[in-house]
Amino acid sequence: MIFNLFKSKNKWQHKDSNVRIAAINEELDVNNSENKATLLSLLNDDNNELVRRAVLLKLDSLDDYYSASITNNNKVVQEFSHTKIQDILAGTHAIRLTVDQKKNFLSLLISTQIVNFSLLDYWLNHETEPQIIINLFEAMIKKKNTSSLLLQTFSKKNNSEVQISLLSLNLKELDEAPLLTKLSKKAVSSDVTQLINNKLAELIEQQEKPKRLLKQCQLLLSKLLAMKDLSDYGQYITKRSALEQEWQECSPELTNLSDEDQLILVAKYDKITTQLSQLFAPKEEAYQQDKIAEQLFIDKQKVNNSVNKIIAELSQTITTAVFESDTLDETDFLNKLEQLNQQILTSVLNKQEQDNFVKQIQELEKRLTQLPDIAQSVSQATYLISEISQLSLPKTLAELNERQQVYRDWVTQWQAVEQKAYGILPQSIKDAHKEITQHWQEGLKGLQNEQKQLFIQTKKKLNDLKRLL
């Protein structure tokens, strides 16, 4: 019976530690939940260090190693677990972590109340994955001096991606020229060197910015002050607006200057703008009056163009009715004239300008009542053109007096017809009249000059005869 009791006892419960180790290696399966619980019990409670280590090797997982390194009550087991963690993180262990697993483990490490910075430092020295290196670096700067850690990591990690990522971090130490100069000597690629050079250039730019800004603001104030010599108020307004806009753009940058420089510049600006306002106040009213006059001129021009266009259209309506025998709706025509008249009387035109247009409207009304006479005048004008066209120019002095008188009578008749037509004659008749007039004036000129010379000679002879007598 005693034999049966011993036989029924599990080997992992045996008094001999070697038997327990053999049971751990041969009988307990980590994938079995009951066996896993037994292994964890042995790991935490077994009184033999080797048994506990055997359990750890059986479990062989980062999580279990990490848990044992923190919670196990056997110091040797803790150290053993810590060594295994280091091997895994250094890549010398059979367990290979993915990038995501590394990120998760790092999050676990830095989430504890007491962060194991020595483990982070060891991991950082052995890590090769760029993103994990940066994450470890960001975790380590909470403990280590940032400048020394940055230079150390930058130098040891012979990787362009890592160096560029480090330079891209938002660190105030990267605004220090001496550190950047040291980093440039450790750059592993031209891209890294260029990035460092850009940062150095930005630093120089930032150092020079206050001096440049101060000069810019002083020049701006000088330009403002120089405007007191301007005589043209319009030019003054334009320039002042531009300079004030420039000042508004510079104002947010004034914080880059010392408090003293800021106060001096703002005080000068306020003083100059006040002086300019006082100096140009008398000219402002005259300027506003000029603007009003200019706008009035523009408004009048619009009215003139509009009224002239309507009058031309109404005049053309009468012309069409006369020449093409179209029926003209007199009531509609008179309504349009009345509307135009009201538009003129309520416009910005002065009395004289209004009267001028009203007179033209009255002329249109008069033409409307004289349509038969206008039509008759067109026929008469056509007849006169035809009549004079059949008369040839004089060729001798004997013909001059006779035909010159005929032409003068024709001109008188034409003037009467033109007056009767109220300015409404076909363009073809107007062109013919112009051509005939030029033709006769030029044709008569030669004989008229000859006749004048003969008259002068005769007069001279009469004077000579008178003197002799």
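Refer to the preceding data block for the structure.
Residues numbered from 1 in each chain as written. Predicted model: local features only at pLDDT ≥ 70, side-chain atom pairs only at ≥ 80, totals over all residues. Heavy atoms only, no water.

1. Some details on the state of the cysteines
Logical step 1: Counting across every chain of the model gives 0 disulfides.
Logical step 2: The cysteine Cys-217 is free of any disulfide, with Cys-250 supplying the nearest cysteine sulfur at 4.8 Å.
Logical step 3: In this structure Cys-217 comes out as buried when scored by relative accessible area, which is 0%. (Disulfide = S-S within 2.5 Å. Buried < 20%, exposed > 50% of the residue type's maximum accessible area, 1.4 Å probe, protein only.)

2. Quick look at the packing of aromatic side chains
Logical step 1: Within the structure shown, the criterion is met by 10 aromatic pairs.
Logical step 2: Summarising the aromatic geometry, the rings of Tyr-233 and Tyr-287 are spaced 4.8 Å apart at their centres and angled 55 degrees between planes, so their arrangement reads as tilted. Linking Tyr-233 in helix H14 (residues 233-250) with Tyr-287 in helix H15 (residues 259-323), this pair joins segments that are 54 residues apart in sequence.
Logical step 3: Seen from their ring centres, Tyr-407 and Trp-440 are 5.2 Å apart, and the 5 degrees between their planes marks the pair as stacked. Of this pair, Tyr-407 sits in helix H19 (residues 397-420) while Trp-440 sits in helix H20 (residues 427-468), and the two are 33 residues apart along the sequence.
Logical step 4: With a relative accessible area of 8%, Tyr-407 lands in the buried category. (Phe/Tyr/Trp six-rings, centres within 6.5 Å; stacked < 30°, edge-to-face > 60°. Helix = DSSP H or I, 4+ residues; strand = E, 2+ residues; numbered from the N terminus.)

3. Remarks on a nonpolar patch on the surface
Logical step 1: Where nonpolar side chains cluster on the molecular surface, the patch consists of Leu-462, Leu-465 and Leu-469 and spans about 360 Å² of accessible area.
Logical step 2: Take Leu-469: it is sitting in the segment after H20. (Patch = residues over 30% accessible without salt bridge, like charges linked within 9 Å, V, L, I, M, F, W, Y side chains within 5 Å. Areas by Shrake-Rupley, 256 points an atom, 1.4 Å probe, with all protein chains shown as cover. Salt bridge = Lys/Arg side-chain N within 4 Å of Asp/Glu carboxyl O.)

4. Points about the pattern of salt bridges
Logical step 1: Here the structure, examined in full by the defined rule, presents 14 salt bridges.
Logical step 2: Taking the shortest distance from any N to any O, the salt bridge between Lys-144 and Asp-121 comes out at 3.3 Å. Of this pair, Lys-144 sits in the loop between helix H9 (130-140) and helix H10 (146-156) while Asp-121 sits in helix H8 (residues 117-126), placing them 23 residues apart in sequence.
Logical step 3: Of the charged contacts in the structure, one is a salt bridge between Asp-355 and Lys-351, with a shortest N-O distance of 2.9 Å. Separated by 4 residues within a single helix, Asp-355 and Lys-351 lie in helix H17 (residues 351-369), roughly one turn from each other.
Logical step 4: For Asp-355, a relative accessible area of 38% gives the class partly exposed.
Logical step 5: Residue classification places Lys-351 among the exposed residues on the basis of a relative accessible area of 57%.

5. Overview of helix H12 (residues 177-185)
Logical step 1: Of all the positions in H12, only Leu-179, Leu-180 and Leu-183 are classed as buried. One side of H12 carries all its buried residues, which in axial view fall inside an arc of 100 degrees. In H12, the exposed positions that point more than 90 degrees away from the buried face belong to Pro-178 and Lys-185. (Arc of directions from axis to C-beta.)

6. A closer look at empty space enclosed by the protein
If a probe as big as a water molecule is rolled over the atoms, it shows which places are left empty.
Logical step 1: Tallied over the entire structure, the rule returns 1 cavity of 30 Å³ or more.
Logical step 2: One number sums up the size of the largest cavity: a volume of about 40 Å³.
Logical step 3: Taken together, Asp-121, Leu-124, Asn-125, Leu-149, Gln-152, Thr-153, Lys-156 and Lys-157 make up the lining of the largest cavity.
Logical step 4: Where the lining of the largest cavity is concerned, the elements lending two or more residues are H8 and H10.
Logical step 5: Top contributing element to the lining of the largest cavity by residue count: H10, with 4 residues.
Logical step 6: A class-by-class count of the residues in the lining of the largest cavity yields 2 nonpolar, 3 polar and 3 charged. (1 Å grid on protein atoms, 1.4 Å probe; cavity = no way out; pocket = protein on both sides within 12 Å on 5 of 7 lines; lining within 4 Å. Points joined across faces, edges and corners; volume = space filled by probe spheres on them. Nonpolar A, V, L, I, M, F, W, Y, C, P; charged D, E, K, R; others polar.)

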